[in-house]
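One letter stands for each residue in the lines below.
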Amino acid sequence: MDRPQLGLPVGGDANLVLNRDSSVEEVMVADDSETNSESTSSQESPERFSVLKFQEEWLFLLNQDEALTTLRQRALSGGLRGCRLRSVCWKLLLGILTGGNPQQWVQQIKQIRNNYVDLFDKVKINPWLDVVNTDGLDNPLSQDAESPWHQYFCDQELQNVIKMDVVRTFPGVEFFRDEKIQQAMVNILFCYARDHPSMCYRQGMHEILAPLLFVVHCDYQTYVNTVGVNKSSSDPMQTILDPTYVEEDTYAVFAKVMFAIQGSYQISNVEPSNTGYFPTNSTPTSPVSEVLNQLDWIKEHLLAPLDPELHQHLQQMDVTLALFGIRWLRLLFGREFPLQDLLVLWDAVFAEGNMFQLVNYIVVAMLMAIRHQLLTSDHTSCLTILMRYPSMEVSKIIDHALFLKNPMAYHQPYQTVSYFHPSASAGVQSNMNPIANKKRPHKPDKKEKSEANFLSNRFKRLSLRRSSQSDSISVNNDNSSSIIEGFMLDDPAVVRGELKHCRAVMSLVQLKLAQYHTVLEQCVPHTNIAAQQALTGIHELCSLLDPHRPSPSPSPSSFDVEPAYEVGEVQLTPSTTPTPTNLPPPRSEIDMTIFKRPQGQPVKTSDNLVQSPVKK
């Protein structure tokens, strides 16, 4: 087991540039030849600006107090998105570096690096090279637990188990396909497993490690490419962002995160073997998974009081929180959000507390954000929505979770007016917070109350519309529920009014985005590729939000239209022949009354096949 040097950029002579405003799948490789082709004068301004941004963010961290008040506020509000020193911010929030005392940072970072080197050397066993006592244990076939060969083979098997998961980590991202990155992940996970034998290695830990390694490596390489490294310099920022120690620093962050979420992986009365496998035979006492206890607490103490309707619906559909919540908690929502949104979510989780109590409220906020889809879905549809969580604005999820956790310190998000039950919330918060009965700092005015009532009534009408449609086959259907405020729910006037409101909102959003695009286009330099891509995206959104934009007309061949046939007409296929049918002749366009009629016989025409007497 070797420790790779991660100081060099990945991909040989190409610099790996990871776009922080895109998802994890978007990786750009910038060739050095394109950079050298630009003129020196055009490069001075962006490079100088990047150096100043580094210095500005570094001074911001140096001026933090011991409680990291300003840094926590910025992390909770999403202000660390695109931060060049996010890994340093995480070290401060997780307690790896001491806030308010930057003089100790260099010593602390050196200490954690030395601790990892000592741990790595301790768990690295190689009987081929190590000199051991030959008391019958130095035998490759020995099964004794004290035999170095037995431990060596167990270590090899555990590393193979870890590597099988590591090679599947983000298969579409070239960054995680690099052999040095994969080897670093195997080393970190193996050292953690040996240093924490009760936890060992569990599947899912590699998905926690991957974003951490990505952030640390990206920050260190960005510093090298922007500021440069001067080995003779004693700059503390250079020491902390030294790309030679990416693996050591990532392990320190990973160990802190795993300490906070160890309950999601740990089984209280079962310990894994040396190879990382948990015993399959049953123990005298049944194993107790702490993550199931945590999910039960979330259901009983948070979801049930805050949204009893959703809680009851999930119970009726037999959808337990364990079906999807285990993955949410073990991976810290790593599969529910794109990478950049996930990093913003982790910023808030790390900033709120070392034990990650905000995670419990994020689970409830995510459920309440899609409550309407869940309430109108059956068992299969609910599981599909929860296992493939729809795209949501991560800032709204964070704001709602913070409000649920501490409603006195945070305002209620506007989008969650119809989701939240104030009466139920008051009961829950009074039990957990002794000062919950005090007056809140923010009191909604009449305008906010009217808007909240408007949205609440609209959701009621939509729910009543669906319930009336589903109960239309019932004998005892109440038709009075289909009339709300003097209008029929299916009245075209109501539909036109809602459509007009949607068009007005689209026009307003399009106008605002166009104004922002015009302002930013004049300020953003053309050499900033990421900003130019963001401007292009804003322009595309403006065109898509145009309410008068004609929708693309699909070709007739793109629809499978079932042909219509007349009554009694048979569809002809190449293998079938037409069969004679006794059908009346086609309606004639000629007035049949002009022809001579034989006397004493009824009139038979194609216009009227009814017999009538003939007048003499």
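Located above this text is the structure these notes cover.
The sections below set out a description of the structure shown in this document. (Residues numbered from 1 in each chain as written. Predicted model: local features only at pLDDT ≥ 70, side-chain atom pairs only at ≥ 80, totals over all residues. Heavy atoms only, no water.)

So, about the packing of aromatic side chains. In the structure shown here, the tally under the stated rule is 17 aromatic pairs. Ring plane angle 50° and centroid distance 6.4 Å describe the contact between Trp90 and Trp346, whose orientation is recorded as tilted. Of this pair, Trp90 sits in helix 4 (residues 86-93) while Trp346 sits in helix 14 (residues 339-352), and the two are 256 residues apart along the sequence. Like Trp90, the residue Trp346 is buried in the burial classification. Put simply, the rings of Phe324, Trp328, Phe333, Phe337 and Tyr389 touch in pairs and so form one group of aromatic residues. Taking NZ or CZ as reference, Arg74 lies 3.8 Å from the ring centre of Phe60, over its face. (Phe/Tyr/Trp six-rings, centres within 6.5 Å; stacked < 30°, edge-to-face > 60°. Helix = DSSP H or I, 4+ residues; strand = E, 2+ residues; numbered from the N terminus. Buried < 20%, exposed > 50% of the residue type's maximum accessible area, 1.4 Å probe, protein only. Lys NZ or Arg CZ within 6 Å of the ring centre and 35° of its normal.)

The first and last C-alpha atoms of helix 10 (residues 246-260) sit 22 Å apart over 15 residues, in line with the 21 Å expected at 1.5 Å per residue. Among the 15 residues in helix 10, 12 count as buried, and that is most of the element. Within helix 10, the full set of buried residues consists of Val246, Glu247, Glu248, Asp249, Thr250, Tyr251, Ala252, Val253, Phe254, Val257, Met258 and Ala260. (Expected span 1.5 Å × (residues − 1).)

For Ser377, the location among the structural elements is in the loop between helix 16 (371-375) and helix 17 (379-387). In the structure, Ser377 is positioned 64 residues away from His313 in sequence and 9.5 Å away in space, judged by C-alpha atoms. Other than its neighbours up to four places away in sequence, Ser377 contacts His313, Met317, Cys382 and Ile385. (Contact = heavy atoms within 4.5 Å.)

Keep in mind these values describe shape, not function.
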